[in-house]
Amino acid sequence: MRFELSIVNGKTVFEIVRARRAECIDIVRDAYLAHAQGKSVNPDSYFLRFPDKPDCRIIALPAYIGDGFDVAGLKWIASYPANVQRGFPRASAVLVLNSYDTGYPFAILESSIISAARTAASAALAAYWLSGRSRRAHSLGIVGTGFIARYVYDFLVDTGWAIEAVQLYDRSPLESEKFRSTACRLDRHRRVTIVSDVEQLIRTSDLILFTTVASEPHISDVALFEHNPLVLHLSLRDLAPEILLRSQNVVDDVEHVMKAKTSPHLAEQQTGNRGFVTGTLAEIMTARRSVDRSRPIIFSPFGMGMLDVAVGKWVYDQAVAAGEDLRLSDFFYETVR
């Protein structure tokens, strides 16, 4: 048997995702539904940490997904926050895809973009379903205006969201300025403003996106959410447990999100139970659970490796079909025994 290994670089990944964002959301939807039907294997993530670099980590996310995907893989993603001050992105990643039949790796893809795309697609999918299948927001408030925020914004705008106003907050105002000037489509909104008060942003936004690097809750005032916004809590550790306990909480996977001191994990520790969880996004999409705007709605996705594998396989298929992969026919040695 002949074994080949394809390399798909970041430029190719970027161009495929940019041209097909709606399709990427469909892939994430199908992956969530397959996972809910037990057609995936998604072990816990493995965190490599360093005693002298407490803010840094490299995470391994192994996974398998069937139901037409039929592929296994591993995302290996590093997060080094100090990289931002050095002038390059915080995160770097690769994704290895393995044949379900033989176990042999058949592709290696640049994966910081795949990771951002699956996260953004998940957020856009949740925003659609949790807002009653609407694509309208009076004001989108973005807390943390980095790489992931840009991807979520692009996925929303490019899939038809009508957003009247955008408010930007970052601990570094320069990051917000850069986001406004390089990421925002100013012609798509009545106004785009940079704010210095995160609490005011929360009070005046009906769709709120958290994409920070917070390691512990920094938003604790439950009164800020009295207007019942939809919150895409992607960074997972921004909100105090008290806020979650007064909200409707939707997650990607209940077991996976209850770890690593996420806000849902802290809420579970405080209450001793998981009764505050309304359900999973898959349960919302299949009408097994429901939400309404009588209380805040908070989507807290831990992020699962099976999403990276599903999106990575889709990107790989697109790259191969277009002849945009680098094919190595002699990567494996002595493949006959």
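To start, this report covers the structure provided alongside it. (Residues numbered from 1 in each chain as written. Predicted model: local features only at pLDDT ≥ 70, side-chain atom pairs only at ≥ 80, totals over all residues. Heavy atoms only, no water.)

**Examining unusual backbone geometry**
- A positive phi is found at Asp70, a non-glycine position, where the angle reads about 50 degrees.
- With respect to the secondary-structure elements, Asp70 resides in the loop between β4 (53–65) and β5 (71–79).
- Judged by relative accessible area, which is 41%, Asp70 ranks as partly exposed. (Helix = DSSP H or I, 4+ residues; strand = E, 2+ residues; numbered from the N terminus. Buried < 20%, exposed > 50% of the residue type's maximum accessible area, 1.4 Å probe, protein only.)

**Structural notes on the nonpolar core**
- In this structure, Tyr32 and Phe155 are the most contacted members of the largest nonpolar core, which totals 72 residues.
- The element that contributes the greatest number of residues to this core is helix α4 (residues 112–130), accounting for 13 residues.
- The residues contacting Phe155, other than those within four sequence positions of it, are Val17, Arg21, Cys24, Ile25, Ala117, Ala120, Ala121 and Ala124.
- Formed by 16 residues, the second largest nonpolar core is a distinct cluster that contains Phe210, Ile219, Leu224 and Ile243. (Core = buried A, V, L, I, M, F, W, Y, C linked by side-chain atoms within 4.5 Å. Contact = heavy atoms within 4.5 Å.)

**Thoughts on the packing of helix α1 (residues 10–19) against α4**
- Where α1 contacts α4, the two axes come as close as 9 Å, and the packing angle between them is 20 degrees. Relative to α4, α1 is oriented roughly parallel. Pair α1 / α4 crosses with right-handed handedness. For the pair α1 and α4, the contacting residues are Gly10, Val13, Phe14 and Val17 in the first and Ile113, Ile114 and Ala117 in the second.
- The residue makeup of the contact of α1 with α4, split by class, is six nonpolar, one polar and no charged. (Axes fitted to C-alpha atoms, helices over the stretch in contact; angles between N-to-C directions. Parallel < 35°, antiparallel > 145°, perpendicular 65-115°, else oblique. Left-handed = near helix turned anticlockwise from the far one by under 90°. Nonpolar A, V, L, I, M, F, W, Y, C, P; charged D, E, K, R; others polar.)

**Concerning the packing of aromatic side chains**
- Counted by the stated rule, this structure contains ten aromatic pairs.
- Aromatic pair Phe50 and Tyr80: ring centres 6.3 Å apart, planes at 55 degrees, arrangement tilted. Of the two residues, Phe50 sits in strand β3 (residues 46–50) while Tyr80 sits in the loop between β5 and α3 (83–86), which places them 30 residues apart along the sequence.
- With a centroid separation of 5.8 Å and an interplanar angle of 85 degrees, the aromatic rings of Tyr128 and Trp129 are classed as edge-to-face.
- Taken together, the ring pairs connect Phe3, Tyr104, Phe331 and Phe332 into an aromatic cluster. (Phe/Tyr/Trp six-rings, centres within 6.5 Å; stacked < 30°, edge-to-face > 60°.)

**Quick word on the pattern of salt bridges**
- For the structure on display, the rule yields 20 salt bridges.
- Measuring nitrogen to oxygen at the nearest pair gives 3.2 Å for the salt bridge that ties Arg327 to Glu4. Residue Arg327 is found in strand β16 (residues 326–328), and its partner Glu4 is found in the segment before β1 (5–8); the two are separated by 323 residues along the sequence.
- Judged by relative accessible area, which is 39%, Arg327 ranks as partly exposed.
- Between Asp44 and Lys259 there is a salt bridge, with its nearest N and O atoms 3.4 Å apart. On the criterion of sequence distance, the pair formed by Asp44 in the loop between β2 (40–41) and β3 and Lys259 in the loop between α9 (254–257) and α10 (263–271) is long-range, its members being 215 residues apart.
- When salt bridges that share partners are traced, they join Arg21, Asp154, Asp158 and Arg185 into one network. (Salt bridge = Lys/Arg side-chain N within 4 Å of Asp/Glu carboxyl O.)

**As for the environment of Leu230**
- Mapped onto the elements of the fold, Leu230 is located in strand β12 (residues 230–233).
- Leu230 gets classed as buried once you look at its relative accessible area, which sits at 1%.
- Taking C-alpha positions, Leu230 is 6.1 Å from Pro296, a pair spaced 66 residues apart along the chain.
- Non-local contacts of Leu230, meaning those with residues more than four positions away in its chain, are made with Ala127, Leu130, Ser131, Asp206, Leu207, Ile208, Arg293 and Ile297.

**Remarks on a nonpolar patch on the surface**
- Residues Leu48, Leu74, Trp76 and Val94 make up a contiguous nonpolar surface patch of roughly 310 Å² in combined accessible area.
- For Leu48, the location among the structural elements is in strand β3. (Patch = residues over 30% accessible without salt bridge, like charges linked within 9 Å, V, L, I, M, F, W, Y side chains within 5 Å. Areas by Shrake-Rupley, 256 points an atom, 1.4 Å probe, with all protein chains shown as cover.)

**With respect to the environment of Arg191**
- With respect to the element layout, Arg191 can be found in strand β10 (residues 191–194).
- Distance in space between the C-alpha atoms of Arg191 and Thr271 is 41 Å, their sequence separation being 80 residues.
- Every residue in contact with Arg191, bar those within four places of it in the chain, is listed here: His138, Glu164, Ala165 and Val166.

**What to know about empty space enclosed by the protein**
- For the structure shown, the criterion picks out one cavity of 30 Å³ or more.
- Counted as a void, the largest cavity has a volume near 40 Å³.
- Around the largest cavity sit Asn42, Pro43, Ser45, Leu61, Pro62, His256, Phe302, Gly303, Met304 and Gly305, which together line it.
- When its residues are assigned to classes, the lining of the largest cavity shows five nonpolar, five polar and no charged. (1 Å grid on protein atoms, 1.4 Å probe; cavity = no way out; pocket = protein on both sides within 12 Å on 5 of 7 lines; lining within 4 Å. Points joined across faces, edges and corners; volume = space filled by probe spheres on them.)

**Notes on the sheet that holds strand β11 (residues 207–210)**
- In spatial order, the strands read β10-β9-β8-β11-β12-β15-β13-β14; together these eight strands make up an open sheet with parallel pairing. Either end of the sheet is taken by a strand with one partner, and the two such strands are β10 and β14 (277–280). In this sheet, adjacent strand axes meet at a mean angle of 20 degrees when their direction is disregarded.
- Bridging between strand β13 (residues 248–251) and β14 involves three bridges; their strand directions are parallel. Within the sheet, the bridge partner assigned to Val251 lies in β14 and is Thr280.
- Against the sheet, α4 touches β12, β13 and β15 (297–300), its axis set at about 160 degrees to β12. (Pairing = 2+ DSSP bridges.)

Purely spatial values, then, with no claim about function.
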